[in-house]
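The residues making up each chain are set out below.
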Amino acid sequence: MKAYWIAHVDVTDPTQYSEYTRRAPAAFAQYGGKLLARGGRSQAMEGRATPQRSVVIEFTSYEQALACYHSPEYQEACRYREGAARAEVIIVEGVEVSVGSGSVLPS
């Protein structure tokens, strides 16, 4: 079952943060990550104010998503994010949806 990284990021030092964004995609690709959303328009409908950046990355499995996050490659990229941004990263497992079931919500 697929899994997703959902990240909300507020950048405080764009120059330093650019080093993170230069390195992190290699780790995503190594673990089969597919960028679905990165930046772009967004609006908070509930909860906290809209972050500067919202990112969604799809992985083939929850295990792959976790492996990517904990990988040496990604953790090296994260060193460049420290002090340059406030980030919230959540990994969530997707759901299987039966076509014609009449519901897209998990049971």
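Being a predicted model, the structure only gives us computed values, none of them experimental. (Residues numbered from 1 in each chain as written. Predicted model: local features only at pLDDT ≥ 70, side-chain atom pairs only at ≥ 80, totals over all residues. Heavy atoms only, no water.)

Draft legend 1. Broad picture of the pairing of strand β3 (residues 53-59). Along β3, 5 of the 7 residues are buried, which leaves the element largely enclosed by surrounding structure. Direction of pairing for strand β1 (residues 3-11) relative to β3: antiparallel, over a ladder of 7 bridges. Note that in β3 the partner of alanine 3 across the bridge is phenylalanine 59. The sheet contact formed by strand β2 (residues 34-38) and β3 spans 4 bridges and is antiparallel. Pairing of leucine 35 across the sheet is with isoleucine 57, part of β3. (Buried < 20%, exposed > 50% of the residue type's maximum accessible area, 1.4 Å probe, protein only. Helix = DSSP H or I, 4+ residues; strand = E, 2+ residues; numbered from the N terminus. Pairing = 2+ DSSP bridges.)

Draft legend 2. The arrangement of the packing of helix α1 (residues 14-30) against helix α3 (residues 72-81) in detail. For the pair α1 and α3, the least separation of the axes is 7 Å and the interaxial angle reads 165°. In this view, α1 runs roughly antiparallel relative to α3, as classed from their interaxial angle. Taken as a pair, α1 and α3 cross one another with a handedness that is left-handed. Within the contact between the two elements, α1 uses Gln16, Tyr17, Glu19, Tyr20, Arg23, Ala24, Ala27, Phe28 and Gln30 and α3 uses Glu73, Tyr74, Ala77, Cys78, Arg79, Tyr80 and Arg81. In the contact of α1 with α3, the residues fall into 9 nonpolar, 2 polar and 5 charged. (Axes fitted to C-alpha atoms, helices over the stretch in contact; angles between N-to-C directions. Parallel < 35°, antiparallel > 145°, perpendicular 65-115°, else oblique. Left-handed = near helix turned anticlockwise from the far one by under 90°. Contact = heavy atoms within 4.5 Å. Nonpolar A, V, L, I, M, F, W, Y, C, P; charged D, E, K, R; others polar.)

Draft legend 3. Highlighting the packing of aromatic side chains. Per the counting criterion, the structure on display carries 8 aromatic pairs. Summarising the aromatic geometry, the rings of tyrosine 20 and tyrosine 74 are spaced 6.1 Å apart at their centres and angled 75° between planes, so their arrangement reads as edge-to-face. Taken together, the residues tyrosine 20 in helix α1 and tyrosine 74 in helix α3 connect sequence positions 54 residues apart. Comparing tyrosine 20 with tyrosine 74, the two get one shared label, buried. (Phe/Tyr/Trp six-rings, centres within 6.5 Å; stacked < 30°, edge-to-face > 60°.)

Draft legend 4. Representation of the nonpolar core. Within the largest apolar cluster, 22 residues are counted, with the highest numbers of intra-cluster contacts made by Trp5, Tyr17, Tyr20, Phe28, Phe59, Cys68 and Tyr74. At the level of elements, β1, α1, β3, α2 (62-70), α3 and β4 (85-93) are the ones that each hand at least two residues to this core. (Core = buried A, V, L, I, M, F, W, Y, C linked by side-chain atoms within 4.5 Å.)

Remember that the coordinates give geometry; whether it matters functionally is a separate question.
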